[in-house]
Amino acid sequence: MIQCNTQLELPPIVKYSALSLFFDRFRPCVVRFLQKKKKAEHWLLQPLTESNLQLFVLISIWISCKMHCSRGLSVQSLKSLGDKMITEQLFTVRDFMEAELVFLKVTIVHLGMLFTQ
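Residues numbered from 1 in each chain as written. Predicted model: local features only at pLDDT ≥ 70, side-chain atom pairs only at ≥ 80, totals over all residues. Heavy atoms only, no water.

### Describing the overall build of the protein chain
Link 1 in the chain: Each helix and strand in the protein chain was counted, giving five helices and zero strands.
Link 2 in the chain: Ordered by position in the sequence, the α and β elements of the protein chain form the string α-α-α-α-α.
Link 3 in the chain: Per-residue burial over the protein chain gives 42% buried out of 117 residues.
Link 4 in the chain: A separation of at least 24 residues holds for 70% of the contacts in the protein chain among residues at least 6 apart in sequence.
Link 5 in the chain: Surface exposure of the protein chain reaches about 7100 Å², of which carbon and sulfur atoms provide 59%. (Helix = DSSP H or I, 4+ residues; strand = E, 2+ residues; numbered from the N terminus. Buried < 20%, exposed > 50% of the residue type's maximum accessible area, 1.4 Å probe, protein only. Contact = heavy atoms within 4.5 Å. Areas by Shrake-Rupley, 256 points an atom, 1.4 Å probe, with all protein chains shown as cover.)

### Here we look at the environment of Met-97
Link 1 in the chain: By the element assignment, Met-97 lies in helix α5 (residues 93–116).
Link 2 in the chain: Each C-alpha atom, one on Met-97 and one on Val-75, is 7.9 Å from the other, the two residues being 22 residues apart in sequence.
Link 3 in the chain: With sequence-adjacent residues up to four places away left out, Met-97 is seen in contact with Trp-62 and Val-75.

### Thoughts on the packing of aromatic side chains
The geometry of two aromatic rings is summed up by the distance between their centres and the angle between their planes.
Link 1 in the chain: What the rule picks out here adds up to seven aromatic pairs.
Link 2 in the chain: Note on Phe-26 and Phe-103: the rings are 4.6 Å apart at their centroids and 5° apart in plane angle, and the pair reads as stacked. With a gap of 77 residues between them, Phe-26 in helix α2 (residues 12–36) and Phe-103 in helix α5 connect regions that are remote in the sequence. Like Phe-26, the residue Phe-103 is buried in the burial classification.
Link 3 in the chain: Taken together, the ring pairs in this structure connect Phe-22, Phe-23, Phe-26, Phe-56 and Phe-103 into an aromatic cluster.
Link 4 in the chain: One residue, Lys-66, lies across the ring of Trp-62, its end atom 4.1 Å from the ring centre. (Phe/Tyr/Trp six-rings, centres within 6.5 Å; stacked < 30°, edge-to-face > 60°. Lys NZ or Arg CZ within 6 Å of the ring centre and 35° of its normal.)

### Digging into the nonpolar core
Link 1 in the chain: Core analysis: the largest hydrophobic core is formed by 33 residues, its most contacted members being Phe-56, Ile-59, Phe-96, Phe-103 and Val-106.
Link 2 in the chain: Not counting residues within four places of it along the chain, the set of residues in contact with Ile-59 comprises Leu-78, Phe-96, Ala-99, Glu-100 and Phe-103. (Core = buried A, V, L, I, M, F, W, Y, C linked by side-chain atoms within 4.5 Å.)

### A look at the confidence of the model for the protein chain
Link 1 in the chain: When the pLDDT values of the protein chain are averaged, the result is 83; 84% of them are 70 or greater.
Link 2 in the chain: The least confident element of the protein chain is helix α1 (residues 2–8), whose mean pLDDT is 63; the most confident is helix α3 (residues 50–68), at 92.
Link 3 in the chain: Within the model, pLDDT remains below 50 along residues 111–117, and this stretch shows two contacts once partners closer than five positions in the same chain are excluded. (pLDDT = per-residue confidence, 0-100.)

What follows is the structure, given as structure tokens:
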């Protein structure tokens, strides 16, 4: 995540927000989400590989940019960065779009469970 933030030259609020999104929200939620499900609903979660986690780190940066930057990152620039950073697997633009939906689904499902308890 640090390499991505350095290459993108993002403001501090984006860096903090991305770290918080991934480590405080997504990571604990995905663990609980996978424990409750016998089989993960999406190929990005089953198996949850290092390259898939790296993709979700990029997604947290992307979402953070959407929240805090006047001009967000394009999916093409994110994919280009992913191609440089994630060497074990090549993700397509569509994979990035799907990963954003999975990221949001995992974290929102967890938030929904918190509000219903």
